[in-house]
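Okay, here's what each chain looks like letter by letter:
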Amino acid sequence: MTEVQLDLTVNGRRHRVSVPAHHSLLDVLRDELELTGTKTNCLEAECGVCTVVVDGKSVASCTMLAAQCQGREVVTIEGLQDGGDLHPLQEAFVEHGAVQCGYCIPGMIMTAKAFLDENPRPTREAVREAIAGTLCRCTGYQKIVDAIMAASQRLVQQGERP
Amino acid sequence: MKVEFLEPQSLQDAVAMAKAKGVGARFVAGGTDLVIQMRKTGVLPEAIINLQRLRALGEIKHDADGFSLGALVTHRQIESEDRFLGGLQALRESACVIGGHQVRNVATLGGNLCNASPAADMVPILLCFNADVTLVGSSGSRNIPLAAFIEGPRKTQRAHDEVMTDIRFPKPAGKFASAFLKGGRRRAMEISIVAMAGVVSMSAGGTMTDVRLAMGAAGPKAIRLAQAEKFLEGKVPSKAVLEEAGKLAAAAASPIDDVRASASFRRHLVGVYARRVIELGWNRISEAGNDRSAA
């Protein structure tokens, strides 16, 4: 038996899974844990659509081995809401209509989440740079940036950040 | 086929595991190249040896002689390293254009060098700084100049049971500046059409000295531009001098035609970026009292 026995912490919950050593974190999230909010797209870390947050940093789950996530904290789009309340980023995306086809949005929001956690008061330009690795092929960037800026203000106001 | 996953806790273990498993084993650090290669080729290694527990290889150190970057240092660490401001800023400039944040957060310098893409953006500036790499294998440890380590596209001197442990370079003497520029079709998430790095010092007489120039993505491997460097030595970067240096740089390129650019356009860009990098380095070193801009 050469599958890897993993103890994965995803969205605060521990999961024991057995996965082939070459499977990606994306494979395990979607196929084993049925967390299908994280989308499959380019599979080459080019598009950012599969972005999740691992130990506080945004990563492309398509190119990270699940086996390397043993003992690390993974947060996916499903982990942002709090008891049914949307995260300020999610609210802002809804309010600003920052969603067209929607496919990139989970990755876009997780990219923004990791960025805002480290940069609570970003400039618009910094936000644009931060999401450079996450592609929206509907090209709806204007409203996406608007939403991230609005969310950053709300998060600061909520006193969640210093 | 089942793939074994091995987790060495020490460098010695990693080397021993690779030796025991033979050529069918692959090391993994960040995984951003390996996972794609496995998926694209459908070829799976017999074993994947995870290097991430070798935490000692994830540090950036320096002493009076120079810097040492552990092979597991991520691009993110390099782009946010305060010691790489001033004269060493081209290291940050090179690191911050590789992939997106999601890649730079995990992809390692050692992985980038061992993968040996001709377009690897860290290579030109490390060539300018005369970097050496250290490999540790079952028959001991050895240092190789980076210029010799990378032999060609995806080809290095690393034996299958050797782990790259660190990348070292001496700090150039005196006041110097560095610069890196990348030519691509867009600003983000781009594989370079041309990558150009330079280091320059200023002589007491106000001319360029110890000029170093290296290009990537314009031939089978990144190289120093010896003729252009020699030509620039002792000169002031006038328009005519820059023009000539650009021509010498372009003559040293051996670019390919591909989906990103034609060979002739790449060659043209080599000339343009060589000029711009020298100019940028020179402006940086000429700025103000300079103790800050030249580390």
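All values derive from a computational prediction rather than experimental measurement.

### Things to note about the domain arrangement of chain B
Residues and elements named next belong to chain B. Assigned domains within chain B: domain 1 (4-50), domain 2 (57-170) and domain 3 (176-286). Just the C-alpha atoms count here: the centres of domain 2 and domain 3 sit 20 Å apart. Listed by partner, the interface residues are 24 residues for domain 2 and 27 residues for domain 3. Summed over both partners, the interface of domain 2 with domain 3 comes to about 1,900 Å²; 61% of that surface belongs to carbon and sulfur atoms.

### A word on the pattern of salt bridges
One pass over the full model with this rule turns up 23 salt bridges over all chains. Across the pair E3 of chain A and K2 of chain B runs a salt bridge whose closest N-O atoms are separated by 3.9 Å. You can see E3 of chain A sitting in the segment before β1 (4-10) and its partner K2 of chain B sitting in the segment before β1 (4-6), one on each of two chains. Residue E3 of chain A is classed as partly exposed on the basis of its relative accessible area, which comes to 22%. Across the pair E91 of chain A and R154 of chain A runs a salt bridge whose closest N-O atoms are separated by 3.0 Å. Here R154 of chain A lies in helix α5 (residues 141-157) and E91 of chain A lies in helix α2 (residues 88-95), a separation of 63 residues in the sequence. Taking relative accessible area as the criterion, R154 of chain A reaches 22% and is therefore assigned partly exposed. If you follow the salt bridges from partner to partner, you end up with D7, R14 and R16 of chain A in one network.

### Notes on the nonpolar core
Judged by nonpolar contacts, the single largest core of 40 residues is most densely connected at L91, L126 and L146 of chain B. Of the residues forming this core, the biggest block, five residues, is contributed by helix α7 (residues 123-128) of chain B. Here this core spans two domains, since at least three of its residues come from each of domain 2 (57-170) and domain 3 (176-286) of chain B. Setting aside anything within four residues of it in sequence, one finds L91 of chain B in contact with I78, F84, M122, I125, L126, F129 and F169 of chain B. Ranked by size, the runner-up nonpolar core spans 31 residues in total, among them I77, V127, C136 and V145 of chain A.

### So, the packing of aromatic side chains
All names here are of chain B. Going through the model one piece at a time under the given rule, you end up with four aromatic pairs over all chains. The interplanar angle of 20° and the centroid separation of 5.1 Å between the aromatic rings of F129 and F169 together place this pair among those described as stacked. Remark: F169 occurs in strand β10 (residues 163-170) and F129 occurs in the loop between α7 and β6 (132-137); sequence separation between them is 40 residues. The exposure class of F129 is buried, given its relative accessible area of 0%.

### Things to note about the domain arrangement of chain A
Residues and elements named next belong to chain A. Segmentation of chain A into domains returns domain 1 (4-79) and domain 2 (88-157). Domain 1 and domain 2 are separated by 21 Å when their C-alpha centres are compared. Listed per partner, the contact involves 17 residues of domain 1 and 13 residues of domain 2. Counting the surface domain 1 buries against domain 2, the share from its top three residues, V49, T51 and I77, is 39%. Connecting domain 1 to domain 2 are zero salt bridges. Among the secondary structure elements, those contributing two or more residues to the side of domain 1 that touches domain 2 are β3 (51-54) and β4 (57-60). The greatest single-element share of the side of domain 1 that touches domain 2, amounting to three residues, is contributed by β3.

### Points about the packing of α2 of chain A against helix α3 (residues 105-118) of chain A
Residue and element names in this part refer to chain A. Running from amino to carboxyl end, α2 crosses α3 at an angle of 130°, the nearest separation of the two axes being 10 Å. Judged on the interaxial angle alone, α3 and α2 are oblique. Note on packing geometry: the crossing formed by α2 with α3 is right-handed. Residues L89, Q90 and F93 of α2 touch α3, and the partners they reach there are I105, M108, I109, A112, K113 and L116. Taken together, the residues that form the contact of α2 with α3 break down as seven nonpolar, one polar and one charged.

### Thoughts on the environment of L8 of chain A
Residue and element names in this part refer to chain A. Assignment of secondary structure puts L8 in strand β1. Its relative accessible area of 0% is what places L8 among the buried residues. Residues L8 and M110, spaced 102 residues apart in sequence, show a C-alpha to C-alpha distance of 19 Å. Beyond its immediate sequence surroundings of up to four residues, L8 is in contact with R13, R14, H15, V17, V28, A66, C69 and Q70.

### Let's talk about the interface of chain A and chain B
The interface of chain A with chain B comprises 34 residues on the first partner and 31 residues on the second. Together, H22, T63 and Q68 of chain A form the three largest contributors to the area buried by chain A at its contact with chain B, with a combined 22%. Put simply, chain A and chain B have three salt bridges between them. Elements that contribute at least two residues to the side of chain A that touches chain B include exactly β4, α3 and α4 (124-130) of chain A. Class assignment of the residues belonging to the side of chain A that touches chain B gives a composition of 14 nonpolar, 12 polar and eight charged.

### A short note on the pairing of β6 of chain B
All names here are of chain B. Burial analysis of β6 places five of its six residues in the buried class, the great majority of the element. The sheet contact formed by β6 and strand β7 (residues 140-145) spans six bridges and is antiparallel. Along β7, the bridge assignment pairs D132 with P145. Counted between consecutive antiparallel strands, the loop separating β6 from β7 contains two residues. Two strands pair when backbone bridges link them, and β6 and β10 are joined in this way by five bridges, in the antiparallel orientation. Counted as the bridge partner of L135 is M164 from β10.

Calculation rules
- Residues numbered from 1 in each chain as written.
- Chains lettered and ligands numbered in written order.
- Predicted model: local features only at pLDDT ≥ 70, side-chain atom pairs only at ≥ 80, totals over all residues.
- Heavy atoms only, no water.
- Domains from an automatic or database assignment.
- Contact = heavy atoms within 4.5 Å.
- Buried area = accessible area lost by both parts, 1.4 Å probe.
- Salt bridge = Lys/Arg side-chain N within 4 Å of Asp/Glu carboxyl O.
- Helix = DSSP H or I, 4+ residues; strand = E, 2+ residues; numbered from the N terminus.
- Buried < 20%, exposed > 50% of the residue type's maximum accessible area, 1.4 Å probe, protein only.
- Core = buried A, V, L, I, M, F, W, Y, C linked by side-chain atoms within 4.5 Å.
- Phe/Tyr/Trp six-rings, centres within 6.5 Å; stacked < 30°, edge-to-face > 60°.
- Axes fitted to C-alpha atoms, helices over the stretch in contact; angles between N-to-C directions.
- Parallel < 35°, antiparallel > 145°, perpendicular 65-115°, else oblique.
- Left-handed = near helix turned anticlockwise from the far one by under 90°.
- Nonpolar A, V, L, I, M, F, W, Y, C, P; charged D, E, K, R; others polar.
- Pairing = 2+ DSSP bridges.

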